[in-house]
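Residue-level structure breakdown
Residue-level listing of the chains:
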Amino acid sequence: MRKVNIVGGGLAGVEACYFFLKRNYEVHLYEMRPKKMTGAHVTGNFGELVCSNSLKSNKLDNACGLLKEEMRHMDSLTMKVAAETAVPSGNALSVDRDAFSQKITEILRNFPNLVVHEKEIDGFIEGPTIIATGPLTADKLASKLADTIGQKSLFFFDASAPIVSKDSIDMNIAYKKSRYDQGDDSYINCPFSEEQYDRFYEELINAQVALVHDFDKNYFEGCMPIEVMAKRGKDTLRYGPMKPKGLQVEGREKFHAVIQLRQDNLNGDLFNIVGFQTNLTYPEQKRVFRMIPGLENAEFVRYGLMHRNTYICSPKALNKDLSLKAKPNTFLAGQLIGVEGYVESAAMGILAASFLYKKLEGKAQVIPSLKTMLGSLYNFVVNGNPDTFQPMNANFGILYGANKHNREETIQNSLVETDKFWAKVND
Ligand SMILES: Cc1cc2nc3c(=O)[nH]c(=O)nc-3n(C[C@H](O)[C@H](O)[C@H](O)COP(=O)(O)OP(=O)(O)OC[C@H]3O[C@@H](n4cnc5c(N)ncnc54)[C@H](O)[C@@H]3O)c2cc1C
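Residues numbered from 1 in each chain as written. Predicted model: local features only at pLDDT ≥ 70, side-chain atom pairs only at ≥ 80, totals over all residues.

**Thoughts on the domain arrangement of the protein chain**
- Structurally, the protein chain comprises domain 1 (3-158 + 308-425) and domain 2 (163-303).
- Between the C-alpha centres of domain 1 and domain 2 there is a distance of 32 Å. (Domains from an automatic or database assignment.)

Right under this line is the structure:
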């Protein structure tokens, strides 16, 4: 019987295990819980959800909803169990978190070809291995990874600003300009009058923040949440990320403050709010940031967040099959490779498993189509810009050819391409 090692029994790890168990491999799963806990997990179950019990929207015209459907077409364990443990939550797919992880644990443990090692792994294991230790990868393994791929290619903290779709920005209010007219007009600017600024400021400093874990309390000065910075004084933001200097426009009243948005993807249809990394809850981000002139109807494709997040600079450190350049027998999966979210991480577990499987079977690799959400996330991970690489959620901005007028066609194509991909994986 062929043998593989999987390190980490989280969302990505359980998908990878399930993939190989079904194909009759001897799977050695190394999971440190419950012997050693992370700062967020509280059980010894596999596939534990550390925070929200929601796997986001179930609708196909939602990017994460489409990714979930693609995963159903690939016999995903997490999708199967989510359906069985779902709780009512409108268009979203939410689960009873305990039932979800218990059921996953039970299904995996029932395979006679699974060998579970309850131990922390602090280096590389001999033989074909998938490392899926997630955003809270234990320190020793994280430093081993850093030694292997280079200290600058391993990140420990994720401080990201919200990203909005360009076509949801009101360009009758916002305008294009670079500060002091340097270079091209690549920034989109949202100008504030004094009155608008005052109202925005009050809401920002009083908005509800998300639960902060102990390990997340020490912010680096360079990536301080915008609401924390704002509390230092009413004008602090006007001398920082909302500085209006060099952004005035002839013929318009003098702006009291300006927020800039910077292009976030190659297609040019996603823009991030510069300097606005934040720890506000998602609903509060939507409410408060929609007070920004020009963003009244903004569509948030990713909310800002701040938490301990170990991830690698995949475009630099990984081969196209998600194996480490420095150790081609070791594959990486899950949030560690630069995706963000339960579903995205689980999807990367299936993908990494399929790559390792093809290698072990001596067959040609199969790459998922760019017309699928899976393929688009994969493409971002391996071909993203290494200088600005930050974890990515599923979103239509990264899906090849998608725009808001061709959703139905995009969805159909993605599922057809997913079926072709999966047939080839199993060939
Ligand atoms: C605090 C926090 C809150 C989050 N909230 C959400 C949310 O609400 N919604 C959402 O979609 N996403 C959320 N995420 C993001 C993310 O998608 C999840 O963390 C997701 O679980 C990542 O899946 P994964 O498989 O990559 O890692 P995990 O699910 O974290 O699995 C990794 C596993 O590896 C184990 N492990 C770590 N190091 C070792 C080692 N050295 N040896 C052996 N085992 C090890 C861990 O115990 C864990 O079981 C959150 C992340 C964090 C950190």
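**Quick look at the site of the ligand**
- Taken together, 36 residues lie near the ligand, and G8, G10, C51, G134 and G334 sit nearest.
- Going through the elements one at a time, α1 (11-22), β15 (305-312) and α10 (342-360) are the ones with two or more residues in the shell around the ligand. (Near = placed C-beta within 6 Å. Helix = DSSP H or I, 4+ residues; strand = E, 2+ residues; numbered from the N terminus.)

**So, the sheet that holds strand β3 (residues 54-57)**
- Taken together, the three strands give an open sheet; going across it, the order is β3-β5-β4, and neighbouring strands pair in antiparallel fashion. What marks the edges here is a single partner per strand, and that holds for β3 and β4 (86-87).
- One ladder, built from two bridges, connects β3 with strand β5 (residues 92-95); its direction is antiparallel. Residue pairing in the sheet places S54 in a bridge with S94 of β5. (Pairing = 2+ DSSP bridges.)

**Some points on the pairing of β5**
- In terms of strand pairing, β4 meets β5 through two bridges, oriented antiparallel. Counterpart to V87 in the pairing with β5 is S94.
- Connecting β4 to the next strand, β5, in antiparallel fashion are four residues, including G90 with a positive phi near 60 degrees.

**Things to note about the sheet that holds strand β7 (residues 129-131)**
- On the basis of which strands lie adjacent, the open sheet formed by six strands has the order β6-β2-β1-β7-β17-β16 and mixed pairing. The open sheet has two free edges, formed respectively by β6 (114-117) and β16 (323-324), since each of these has just one partner strand.
- In this sheet, β7 lies alongside strand β1 (residues 3-7) in parallel orientation, the contact comprising three bridges. Its bridge partner being in β7, N5 is matched across the sheet by T129.
- Sheet contacts for α10: β1, β7 and β17 (327-332); angle to β17, the most-contacted strand, approximately 155 degrees. (Contact = placed C-beta atoms within 7 Å. Axes fitted to C-alpha atoms, helices over the stretch in contact; angles between N-to-C directions.)

**Points about helix α2 (residues 63-73)**
- Among the 11 residues that make up α2, eight are buried, leaving the element largely enclosed by the rest of the structure.
- Within the sequence span of α2, burial applies to A63, C64, G65, L66, L67, K68, E70 and M71.
- Those residues of α2 hidden inside the fold are in contact with β3, α3 (77-84), β5, α10, α11 (373-383) and α12 (407-425).
- Positive phi shows up at D75, right after α2, with a value of about 55 degrees. (Buried ≥ 20, exposed ≤ 12 C-beta atoms within 10 Å, placed from the backbone.)

**Describing the packing of α3 against helix α4 (residues 97-109)**
- Two elements in contact, α3 and α4, have axes whose closest approach is 9 Å; the angle formed by their N-to-C orientations is 130 degrees. It follows that α3 is oblique to α4 by the angle criterion. Considering only the axes of α3 and α4, their crossing is right-handed. Residues L77, V81, A82 and E84 of α3 form the contact with α4, whose participating residues are F100, K103, I104 and I107.
- In terms of residue class, the contact of α3 with α4 is made up of six nonpolar, no polar and two charged. (Parallel < 35°, antiparallel > 145°, perpendicular 65-115°, else oblique. Left-handed = near helix turned anticlockwise from the far one by under 90°. Nonpolar A, V, L, I, M, F, W, Y, C, P; charged D, E, K, R; others polar.)

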